[in-house]
Protein chains: 2
Amino acid sequence: MTVVIRSNEVRRGNRGLVLSAVRMGGLVSRTDIGRKTGLSAATVSAITSDLIADGFLIQPADANQVPASSGRGRPKVALSVNPMAALIGVVIFQLNRVSAAVVDYSGATISESAHELSSADLSRESIRDALVGCLREALNSSGQNERLLMRIAVSIQGVTDVSGKYLLWSPITDHRDLPLAGWMRQAFSVPASVSNDCDLMARALNRREPELYGTSFASIMLSYGVGMGLFLRGNIINGLNTSGTEFGHMVFQPGGALCRCGRRGCIEAYAGDYAIQRAALGRSEDAPPPAPSAHIDFKQIADLAHAGDPQAIHAIEEAGRAIGTGLVSLFALVDAFPIALIGQGTIVFDYMEPSIRKALQGAVAGEGTNIDIHCFVDEKPLVAEGCALTALVVLDEEIADAAVI
Amino acid sequence: MTVVIRSNEVRRGNRGLVLSAVRMGGLVSRTDIGRKTGLSAATVSAITSDLIADGFLIQPADANQVPASSGRGRPKVALSVNPMAALIGVVIFQLNRVSAAVVDYSGATISESAHELSSADLSRESIRDALVGCLREALNSSGQNERLLMRIAVSIQGVTDVSGKYLLWSPITDHRDLPLAGWMRQAFSVPASVSNDCDLMARALNRREPELYGTSFASIMLSYGVGMGLFLRGNIINGLNTSGTEFGHMVFQPGGALCRCGRRGCIEAYAGDYAIQRAALGRSEDAPPPAPSAHIDFKQIADLAHAGDPQAIHAIEEAGRAIGTGLVSLFALVDAFPIALIGQGTIVFDYMEPSIRKALQGAVAGEGTNIDIHCFVDEKPLVAEGCALTALVVLDEEIADAAVI
DNA sequence: CTATTTAATTCGAGGGTCGAAAAAAATAGT
DNA sequence: ACTATTTTTTTCGACCCTCGAATTAAATAG
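Keep in mind that this is a model prediction, so the values were computed, not measured. (Residues numbered from 1 in each chain as written. Chains lettered and ligands numbered in written order. Predicted model: local features only at pLDDT ≥ 70, side-chain atom pairs only at ≥ 80, totals over all residues. Heavy atoms only, no water.)

1. Quick word on the protein's contact with DNA strand D
No. 1: The immediate surroundings of DNA strand D are formed by 31 residues, with Arg72 of chain A together with Arg6, Thr31, Ser45 and Val77 of chain B found nearest.
No. 2: When atoms of DNA strand D within 4 Å of the protein are split into backbone and base, the sugar-phosphate part holds 77%.
No. 3: Arg11 of chain A is positioned with one of its side-chain polar atoms (N or O) 3.0 Å from a phosphate oxygen of DNA strand D.
No. 4: Within the side chain of Arg72 of chain A, a nitrogen or oxygen atom sits 2.5 Å from a sugar or linking oxygen of DNA strand D.
No. 5: For the surface near DNA strand D, the secondary structure elements donating two or more residues are helix 1 (7-25) and helix 3 (41-53) of chain A together with helix 2 (30-37) and helix 3 (41-53) of chain B.
No. 6: Among the elements that line the surface near DNA strand D, the one with the most residues is helix 1 of chain A, at 5 residues.
No. 7: Among the residues forming the surface near DNA strand D, the class breakdown is 9 nonpolar, 14 polar and 8 charged. (Near = heavy atom within 4 Å. Polar contact = N/O pair within 3.5 Å; in protein donor to acceptor, adjacent residues only side chain to side chain. Helix = DSSP H or I, 4+ residues; strand = E, 2+ residues; numbered from the N terminus. Nonpolar A, V, L, I, M, F, W, Y, C, P; charged D, E, K, R; others polar.)

2. A few points about the domain arrangement of chain A
Residue and element names in this part refer to chain A.
No. 1: For chain A, the assigned domains read domain 1 (7-81), domain 2 (86-200 + 382-401) and domain 3 (246-371).
No. 2: Here the C-alpha centre of domain 2 lies 31 Å away from the C-alpha centre of domain 1.
No. 3: In total, about 800 Å² of surface goes out of reach between domain 1 and domain 2, with carbon and sulfur atoms giving 58% of it.
No. 4: Among the residues domain 1 hides against domain 2, the three largest losses belong to Arg12, Leu19 and Arg23. Together they make up 60% of the total.
No. 5: In this structure, the connection of domain 1 to domain 2 is made through 2 salt bridges.
No. 6: Two residues, Arg12 and Asp401, come together in a salt bridge whose shortest N-O distance is 2.4 Å.
No. 7: For the pair domain 1 and domain 2, the interface holds 5 residue pairs in polar contact (both at pLDDT 80 or more).
No. 8: The greatest single-element share of the side of domain 1 that touches domain 2, amounting to 5 residues, is contributed by helix 1. (Domains from an automatic or database assignment. Buried area = accessible area lost by both parts, 1.4 Å probe. Salt bridge = Lys/Arg side-chain N within 4 Å of Asp/Glu carboxyl O.)

3. Overview of the protein's contact with DNA strand C
No. 1: Around DNA strand C sit 29 residues in total, of which Arg6, Thr31, Ser45 and Arg74 of chain A together with Arg72 of chain B are the nearest.
No. 2: Within 4 Å of the protein, atoms of DNA strand C come from sugar and phosphate in 75% of cases.
No. 3: Arg72 of chain B has a polar side-chain atom sitting 2.4 Å from a sugar or linking oxygen of DNA strand C.
No. 4: Of all elements in the fold, only helix 2 (30-37) and helix 3 of chain A together with helix 1 (7-25) and helix 3 of chain B reach the threshold of two or more residues within the surface near DNA strand C.
No. 5: Sort the elements by how many residues they give to the surface near DNA strand C and helix 1 of chain B lands first, with 4 residues.
No. 6: The class makeup of the residues in the surface near DNA strand C is 8 nonpolar, 13 polar and 8 charged.

As structure tokens, then:
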């Protein structure tokens, strides 16, 4: 809106449109692309023949899986993304775990690698070596030419800078300002970016279930800490300087329970794993949160609740109240939207849901009780999918940009 | 990004660019426009000659107030927006007051009109008649041809739908879902839109002080209730269905003081005028907020505080704590940004600031204490300016759209 | 084997922006 | 007074892009 448009940038934009239509559609004909994008058949023809010439699209021989509109007429020719056009590297750094994958340009995973380690005890260099080494392994076992690697996306539990170069802060390590993107770029000589894992989960859901999560929703991660990925009107929301949307550090009880961040009363200080455990075991709200290395098992808490332990049940309900109250504040800002709850914490959702909905009751829109809330216990596939997706989207943009020679 | 671009839409976008460059610049030459927008001299020449032919730009005879780069060379020809190209109507509906103005296409106010009335006692029809009548008066006294009126912008204290057609809810009247835009359109046969006053103040500040408020900031209105206008990365933030950003109804104390909205613990229930008064006079937090018609004078509260009344001072400090805590939550979502406090409530800012800053202390970014906070006591000029601005921006877009015949 | 139907490509027409050259309008210098 | 210089603005042709219409391609129905 605020920048000049030149003729060649028109083609640039429309190339991107075609590329993403094919990526979404899987196997689509040129006519389908025209219908989806609104471009004329002539233009689609011109753009696709460019993209095929450049090797980004192919006409797979295994043919017309595209159903014809009717039996008659010239059959549609299916186009698809060329899996061999590029490789991307995906690296996921979680509490006590590093994993990596090599994904082809169609989004299919070619090879994987993973290691358990004690993330809190690693030096800066060890972190670098662990991430680089894990991707190197995946790359070696992929059987692909390493020169096809075009881009690397890194997922971390923690706060990144908004440009995706640094890990600024993380619960899984005491180090700060780690230049993860720079490390990966140096090691593999391709561009790299770092993203917050909650953002990536949200991206994955946004792609996976567009009817429910296509425009506006939040994914809230309940595990070590409370994170959020927020989509509004189809765009992911980030902070002005950081990855932002730290739902867990909105204030629930001013001056209340001690949070891992050092402040008091954060949502996380009631709904984070350590907070629920602290309350379930009857410890003081002032009890300092455990060290990052201490993995807390939600099953233990779930077992207590199932056994009818009132303190555990109350702890979980308070977590729900914190989350629900946070949502009320969020909804006051931008109105209500569906929620995806993700992670181990969702195994106690049954005890949590009533207090979430009670907090939402009578919220601004007047319809707090029928907010869509769905649970996803295992976050790993979502993170991996979102991570690959992010790199592919950026790659598509670069390809759309590529000047025709 | 997600929609086809055609050649004629390129011109459309660049026409808009030129138009807004001239609107911003006041008196600018074609070369200046080229420099500002990035368009080539050839294109600027083509577009400006179109816009001059269509009557939207003029070359004022009162000449070269544009300073030449050096003495030598062909002098710059100043261009400016043609004030006579259009008129817009501005209508402002506040507690017990309706005002209207006629503004020309350059943004200069031509005539005004205002009436005191008891907004809470008006029927739906009386509201319509008051708004229509007030603008009609301004229009009559403008001495301009009414047919030049192109668009009407209405400002209201309250919540609108996101498309700007309805007043959904307001503290100043018990009526709901008032089709204000429709009423104005019917009465004057031109398009109309309704906006939340806090959004308009934010727009005015955004234009008026771009160095501080050009990209990201919030304007918080402290008067009857607590409203907010929020800019992030240069865009105003609204709700998904409503005008949104109801800062005053984020939760400060779950289950706490009774708010006018019927819920408990909202920021407004501590920082709204009625809430500060309630606390200053030692009334219960459960005391129902007064009726909309009851205008509460902040001077009374300020006087008490100046006289050293501890209850009043504490009430104001609590208001500051509520605002500061709300900002912490907001900053957790999108990082910190400057704040403009607007309205009568700012006359007690001195008592409020320490508790705001204390709440911000140690907030996510780690630098809560050096947040820019500035006060603007009188909101009226900001609302009027923002209201006119909004209509002019939309008008500019329509003009940019206008197909060349 | 022909008519019909649908898909994809080709070919101007039309609209845009841009760079280079030309024209316009002033000052500086002799 | 006249010419050279400088800066702004317009004009002109080259090039890019999308689109509609016509054409070509490739199948089925009868």
